[in-house]
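Remarks on the overall topology
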Amino acid sequence: SHYFIQSNLRYSAMSGQKRLVVLGATGATGQLLIQQAVQRNYLVTALVRTPSKITFQDKNLTVEVCNIFDKAQLQPHVDTADVIMSCLGFPLAWSNPVPHFLTVAQNLSECMKESGKRRVIFMHSWYTDPASHAQASFLIRYIFLLLARQTLAGMRLSEKFLETTDHLDYTCVLPAELTDDPVTGTEAVV
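Residues numbered from 1 in each chain as written. Predicted model: local features only at pLDDT ≥ 70, side-chain atom pairs only at ≥ 80, totals over all residues. Heavy atoms only, no water.

What follows covers the packing of aromatic side chains. Going through the model one piece at a time under the given rule, you end up with four aromatic pairs. An angle of 45° between the planes, with centres 4.9 Å apart, marks the rings of phenylalanine 138 and tyrosine 142 as tilted. Remark: tyrosine 142 and phenylalanine 138 occur in helix H4 (residues 138-163); sequence separation between them is four residues, near one turn of the helix. Taking relative accessible area as the criterion, tyrosine 142 reaches 48% and is therefore assigned partly exposed. Through successive ring pairs, a cluster of aromatic residues spans Phe69, Phe90 and Phe101. (Phe/Tyr/Trp six-rings, centres within 6.5 Å; stacked < 30°, edge-to-face > 60°. Helix = DSSP H or I, 4+ residues; strand = E, 2+ residues; numbered from the N terminus. Buried < 20%, exposed > 50% of the residue type's maximum accessible area, 1.4 Å probe, protein only.)

Below you can see the structure in the form of structure tokens.
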């Protein structure tokens, strides 16, 4: 999945480089994100459970084992970050919204409030808002949305939580589709 979130980050006069912390770095989107970020000279810290899943090395990449559900483990990484980006994904659930998206958003919110950090970006999905379901094609509506319903509901819970915060500068990126095509550098804002 090729996708890079365009941002307005600029190099800091103090440090020379922006520090980016990435959650979900071992997934397909997370791997591409960290590769593209180090190519753009960001200092990247990938927070992972299994370091061996990161398939490349770079002088600007640090891989750290971190339980993102444990605020005490998460806090030191938040303290050093300029921006936090989440490309988290969790296994499908059938009966209840996947709770992990909300838990991570709450943990990040608390850690960021403690350290005075503001900028966080979440990669979710176009269909987190139930109002968007009516716009979906037949296949999306009756196959994808059925299978992913509780994952999307979990993402939506975290988005609703973020709307209640006043100390975060957050963005939820909602791609309708990710592909393995080459990066184009274009984006569509809906």
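Okay, back to it.
So, about the environment of glutamine 150. Note that glutamine 150 resides in helix H4. For the pair formed by glutamine 150 and aspartate 129, sequence separation is 21 residues and the distance between their alpha carbons is 12 Å. Excluding its chain neighbours within four sequence positions, the residues that come into contact with glutamine 150 are Ala93, Trp94, Ser95, Asn96, Pro97 and Val98. (Contact = heavy atoms within 4.5 Å.)

Let us look at the packing of helix H2 (residues 71-80) against helix H3 (residues 100-115). The N-to-C vectors of H2 and H3 enclose an angle of 50°; their axes lie 9 Å apart at closest approach. Classified by the interaxial angle, the pair formed by H2 and H3 is oblique. With respect to the hand of their crossing, H2 and H3 are arranged in right-handed fashion. Mapping the contact onto sequence places Lys71, Leu74, Gln75, Val78 and Asp79 in H2 and Asn107, Leu108, Glu110, Cys111, Met112, Glu114 and Ser115 in H3. Grouping the amino acids of the contact of H2 with H3 by side-chain chemistry returns five nonpolar, three polar and four charged. (Axes fitted to C-alpha atoms, helices over the stretch in contact; angles between N-to-C directions. Parallel < 35°, antiparallel > 145°, perpendicular 65-115°, else oblique. Left-handed = near helix turned anticlockwise from the far one by under 90°. Nonpolar A, V, L, I, M, F, W, Y, C, P; charged D, E, K, R; others polar.)

What follows is about H4. Across its 26 residues, H4 extends only 30 Å between first and last C-alpha, which sits more than 12% below the 38 Å expected from 1.5 Å per residue. Its axis deflected by about 65° at arginine 149, H4 carries its strongest bend there. Residues Leu145, Ala148, Gln150, Thr151, Leu152, Gly154, Met155, Arg156, Ser158, Glu159, Phe161 and Leu162 constitute the buried set of H4. (Expected span 1.5 Å × (residues − 1). Bend = angle between axes of the 7 residues up to and from the residue.)

Another point: the sheet that holds strand S1 (residues 19-23). Pairing is parallel across the open sheet formed by six strands, whose spatial order is S3-S2-S1-S4-S5-S6. At either end of the open sheet lies a strand with only one pairing partner, and these are strand S3 (61-65) and strand S6 (169-173). Averaged over all adjacent pairs, the angle separating strand axes in this sheet is 20°, with direction ignored. For strand S5 (residues 119-123) and S6, the ladder comprises five bridges, and the chain directions are parallel. Paired with isoleucine 121 across the bridge in S6 is threonine 171. (Pairing = 2+ DSSP bridges.)

What follows covers the side chain of arginine 119. Checked against the element boundaries, arginine 119 lands in strand S5. Looking at arginine 119, its side chain comes within polar contact range of the main-chain oxygen of aspartate 169, at 3.0 Å. Within the local environment of arginine 119, its side chain forms a polar contact with the side chain of threonine 171, the two groups lying 3.0 Å apart. Beyond its immediate stretch of four places on either side in the chain, arginine 119 contacts Asp82, Val83, Ile84, Met112, Asp169, Tyr170 and Thr171. (Polar contact = N/O pair within 3.5 Å; in protein donor to acceptor, adjacent residues only side chain to side chain.)

The quantities given are spatial measurements derived from coordinates; they are silent on function.
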